[in-house]
Amino acid sequence: MSETVKKRRKGVRLTNPKNRWSEQPMGNIITDVSEKHGAIPSGEDDGRQGPFKRFSAIWSSFRKGKRDRVKEPELTEPPGLEAAENTTRQHRYASGQYFFEYLVVVSLKKAKDSNTYEPQITYQFPKRDGMARSQKEEEEKTLKAITLFCFPEGINWAPLTEYHSETFSFVLTEIDGSRRNGYCRRLLPGGRGARPPEAYCIISTLACFGLFSKIFDEVEKRRQISMAMIYPFMQKLREAQFPAPGNTVEIKSFIPESGTEIISLTRPLDSWLEHVNFATLFSCLTDQQVLLVFAAAVLERRIIFIADELGTLSQVIHAVAALLYPFTWQHTFISIVPEILIDVVMAPTPYLLGVQKRLLDQVTDQTDIGDEGTILPPKLQAEILVALSTRQNASVGEELNRVVSEAFLQFFVKTVGHYASYVKYARAGEGGVFDKRSFYKAIEPKVTRHFVKKFIQTQMFDLFIQEVEQQQPGPQQGIFHKKILEYQEKKKKEKTKKH
């Protein structure tokens, strides 16, 4: 596929219906690397909750950080493990220490009396036995959703003799806001003659695309030998603890004719960037185009990315979401929209969506140019561009991610980094109250204050402040707060020099 992202017709197109959750105008950007969103099909006609009701639940909102979370159902381990060990491992998974929840293989099976193919799960590890009926029903709906994400193109497949394997990811968002990541690799299974591709999908609460890509390399290597070789490797991986940022875990695995291999899996040092590949984003868009997309995302508008390759779509959309750090996208987030759900692009609410280029004609064509080029304060826009220009000296990987993330992080430091001074606490032990009006009125210059007045009406800022108000007064932790302190110290020194 072409890695170049081009503007369609007049380029980036925007409309400005009102955002249902805020006073911000919400545009619709379509960039050749884009997704869409719209109406979700209802359930099946037999009166039961059909699989598409599950999609409605998954995509209804992206509310990470929501206070009232629903406790996830307990996981059941494969038969043969003792009860005590089972309980311990459930706790380890609940605390985020398991690498993955399960691995499934999705194969394309030819429909009876038809030339079409239907994706079906042909392998699952571990088997989820012993679940209550309600849990089993939810499991079946989730698995149905997974098959559509693994083969979003639909049913029109033909057997192939050659197929370039590709890796991509998607997100399952529950009604309560909890998230699970789907990592998928599609490849052509071993055999002779023409055959349809198959997909390997790992479901995990952990977001670390690079790490799971390496795991897929090992899975693919074993698949070429025998399907039976996958099980012992995944069992070892499931028993291993997920490493802390910057650390490495080693997995021992036996392969016939090669002996015992030691696979090293290293987690990136900057954990909030471990699911991100900024190189793909900037190979598809110019720096100016990235700024337009960032401006639209900051004010929670509708953004659709168009590309041929599934891997490009998923990497670009995750990279755009990462530019918003320390804030989190709170609305619909679908890195790859299955063809059967393409009407999702018609939704009037904010979204980040990825759509394959072959479906471009089904994306509403709106040629009005919006105000994305004027949303961000000009001086700060220029500073971001200067900072991005230094990435030419950065190698790929973590260093490139650091340079890019720093450029956008400084934007938030300079615009809203003074927020803590406007959270007032009445009594010890009680939550704080954010003085929104005084906060933005204290901002200079006027053009920056105008931007911040819009930004503080977004859900991402509102949730960020809600979490701050719940905390006790005192020094804050994290990279954002560290950068705020560094910036404040720099301003003090500059002020001292002037006097």
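Everything numeric here is computed off the predicted structure, so don't read it as measured data. (Residues numbered from 1 in each chain as written. Predicted model: local features only at pLDDT ≥ 70, side-chain atom pairs only at ≥ 80, totals over all residues. Heavy atoms only, no water.)

Caption draft 1: Structural view of the overall build of the protein chain. What the protein chain contains, in helices and strands, is 15 helices and 13 strands. Classification of the 499 residues of the protein chain by burial places 53% in the buried group. Pairs at least 24 residues apart make up 69% of the contacts formed inside the protein chain by residues separated by at least 6 positions. (Helix = DSSP H or I, 4+ residues; strand = E, 2+ residues; numbered from the N terminus. Buried < 20%, exposed > 50% of the residue type's maximum accessible area, 1.4 Å probe, protein only. Contact = heavy atoms within 4.5 Å.)

Caption draft 2: Structural context of the packing of helix 11 (residues 398–416) against helix 13 (residues 446–455). Where helix 11 meets helix 13, the axes come as close as 10 Å, and the angle between the chain directions of the two elements is 100 degrees. If you check the angle between helix 11 and helix 13, you find them roughly perpendicular. When helix 11 is examined against helix 13, the residues Phe411, Phe412, Thr415 and Val416 are found in contact with a partner set consisting of Thr448, Phe451, Val452 and Phe455. Of the residues that constitute the contact of helix 11 with helix 13, the class distribution is six nonpolar, two polar and no charged. (Axes fitted to C-alpha atoms, helices over the stretch in contact; angles between N-to-C directions. Parallel < 35°, antiparallel > 145°, perpendicular 65-115°, else oblique. Nonpolar A, V, L, I, M, F, W, Y, C, P; charged D, E, K, R; others polar.)

Caption draft 3: Region of the structure containing the side chain of arginine 267. Its location among the elements puts arginine 267 in the loop between strand 8 (259–266) and helix 6 (278–284). From its side chain, arginine 267 meets the backbone oxygen of proline 243 in a polar contact 3.0 Å long. If near-sequence neighbours (up to four positions away) are discounted, arginine 267 is found in contact with Leu211, Phe242, Pro243, Ala244, Pro245, Gly246, Asn247 and Glu274. (Polar contact = N/O pair within 3.5 Å; in protein donor to acceptor, adjacent residues only side chain to side chain.)

Caption draft 4: Region of interest: the environment of phenylalanine 412. Relative to the helices and strands, phenylalanine 412 resides in helix 11. For the pair phenylalanine 412 and isoleucine 484, spaced 72 residues apart in sequence, the C-alpha to C-alpha distance is 9.1 Å. For phenylalanine 412, the contacting residues outside a window of four places in its chain are Phe294, Val298, Leu323, Leu324, Tyr325, Pro326, Phe327, Gly417, Phe455 and Phe480.

Caption draft 5: Representation of the pairing of strand 6 (residues 198–204) in the model. Counting buried positions along strand 6 yields seven of seven residues, so the element is predominantly enclosed. Of the two faces of strand 6, the one holding Glu198, Tyr200, Ile202 and Ser204 and the one holding Ala199, Cys201 and Ile203 are both buried throughout. In terms of strand pairing, strand 2 (residues 102–110) meets strand 6 through six bridges, oriented antiparallel. Bridge pairing links valine 104 to cysteine 201 in strand 6. Two elements, strand 5 (residues 179–187) and strand 6, share seven bridges in a ladder whose sense is antiparallel. Along strand 6, the bridge assignment pairs arginine 185 with tyrosine 200. (Pairing = 2+ DSSP bridges.)

Caption draft 6: Inspection of the sheet that holds strand 4 (residues 166–173) at higher detail. Spatially, five strands are ordered 3-2-6-5-4 in an open sheet, and the strand pairing comes out antiparallel. Each end of this open sheet is capped by a strand with a single partner; those strands are strand 3 (117–125) and strand 4. The average undirected angle you get between the axes of adjacent strands in this sheet is 25 degrees. The sheet contacts of helix 3 (residues 133–150) involve strand 2, strand 3, strand 4, strand 5 and strand 6, and relative to strand 2 the element is tilted by about 65 degrees. Lying over the sheet, helix 8 (residues 310–322) contacts strand 4 and strand 5, oriented at roughly 50 degrees with respect to strand 4.

Nothing here speaks to function; it is geometry throughout.
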